[in-house]
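Coordinate inspection notes
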Amino acid sequence: MSNEQITVELFQQENYRFGVRFGASVPDLVADEPAPLGAGSGPSPVQLLCAAVGNCLSDSLLFALRKFKQAPEPLQATVAAEVGRNTEGRLRVLGMKATLRLGVSAARLEHLDRVLGQFEAFCTVTQSVGQGIPITVKVIDADGLVLQ
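Taking 1.5 Å of rise per residue, 23 residues should cover 33 Å, and helix α1 (residues 45–67) covers 33 Å from first to last C-alpha, within 8% of that figure. Taken together, the buried positions of α1 are C50, V53, G54, C56, L57, S58, S60, L61, A64 and L65. Directly beyond the C-terminal end of α1, a positive phi value near 60 degrees is found at K69.

One open sheet holds the 3 strands; their spatial order is β4-β5-β6, and the pairing between them is mixed. A strand with exactly one partner marks an edge of an open sheet, and here the two such strands are β4 (76–85) and β6 (135–140). Across the sheet, the mean angle from the axis of one strand to that of its neighbour is 15 degrees, orientation sign disregarded. Both β4 and strand β5 (residues 91–101) contribute to a ladder of 10 bridges, which runs antiparallel. When the bridges of β5 are listed, E82 appears paired with G95. Sitting on the sheet, α1 is in contact with β4, β5 and β6, with an inclination near 35 degrees to β5.

On to unusual backbone geometry, then. In this chain, A35 is followed by P36 through a cis amide linkage whose omega measures 15 degrees. That bond from E73 to P74 is cis: its omega, 0 degrees, falls within 30 degrees of zero. Considering the arrangement of structural elements, one finds P74 in the loop between α1 and β4. You will see that K69, though not glycine, has its phi angle at about 60 degrees, which is positive.

One open sheet holds the 3 strands; their spatial order is β1-β2-β3, and the pairing between them is antiparallel. With partners counted over all chains shown, the strands left at the sheet margins are β1 (9–14) and β3 (29–31), one partner each. Taking each pair of neighbouring strands and ignoring which way they run, the sheet shows an average axis angle of 30 degrees. Where strand β2 (residues 17–21) lies against β3, 3 bridges are found, and the strand directions are antiparallel. Looking at β3, one finds that F18 is bridged to A31.

A contiguous nonpolar surface patch, about 460 Å² in accessible area, is contributed by I6, V8, L10, F22 and V26. Topologically, I6 is positioned in the segment before β1. Given a relative accessible area of 64%, I6 falls into the exposed group.

Turning our eyes to something else, we now look at the pattern of salt bridges. Evaluation of the coordinates by the stated rule reveals 4 salt bridges. A salt bridge links R17 to E14, with the nearest nitrogen and oxygen atoms 3.5 Å apart. Taking the relative accessible area as the measure of exposure, R17 reaches 25% and is therefore partly exposed. Ionic pairing is found between R66 and E73, a salt bridge with its closest N-O pair at 2.4 Å. In this structure R66 comes out as partly exposed when scored by relative accessible area, which is 48%. The partly exposed category is assigned to E73, whose relative accessible area is 31%. Residues joined by salt bridges that share partners form a network here, namely E9, R21 and D28.

Rules used in this analysis
Residues numbered from 1 in each chain as written. Predicted model: local features only at pLDDT ≥ 70, side-chain atom pairs only at ≥ 80, totals over all residues. Heavy atoms only, no water. Helix = DSSP H or I, 4+ residues; strand = E, 2+ residues; numbered from the N terminus. Expected span 1.5 Å × (residues − 1). Buried < 20%, exposed > 50% of the residue type's maximum accessible area, 1.4 Å probe, protein only. Pairing = 2+ DSSP bridges. Axes fitted to C-alpha atoms, helices over the stretch in contact; angles between N-to-C directions. Contact = heavy atoms within 4.5 Å. Patch = residues over 30% accessible without salt bridge, like charges linked within 9 Å, V, L, I, M, F, W, Y side chains within 5 Å. Areas by Shrake-Rupley, 256 points an atom, 1.4 Å probe, with all protein chains shown as cover. Salt bridge = Lys/Arg side-chain N within 4 Å of Asp/Glu carboxyl O.

Everything listed here is a matter of geometry and, on its own, says nothing about what the molecule does.
Here it is as structure tokens:
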């Protein structure tokens with residue numbers, strides 16, 4: 001097992017708008033708080049968190065299916081964060097719901113039960129975030145059948 005350090009740099013551009021620098025080969029991103037704090041000129045930190053969870057879950061599901069030489073494309077993901085006040089009255093992400101959509105019918109995919117039983121465990125971001133924020137995951141196929 002090897003450890004890796006990922007570094008992202010943020011630099012203030014104006015008020016609550018920050019540039020986000022990921023590294024040499026990845027374009028910068030602008031993040032901003034919605035009004036009234038910011039101007040909403042980029043995704044908010046909560047939106048970035050949702051994107052990270054959805055992207056990681058999608059990657060894990062795709063990787064697990066491809067291990068069995070399955071083609072579930074195109075995948076889609078929707079992640080909703082419930083933002084509310086904690087017991088101290090401070091805004092927090094209280095929970096997240098992720099819905100992953102396969103691009104094909106479940107009947108076309110082999111070993112789907114095995115994949116669904118294990119893909120979440122390999123999602124680095126979701127497993128890490130989930131230690132502090134409850135995350136529920138639902139997987140549906142192209143026909144709308146709820147698989148998990």
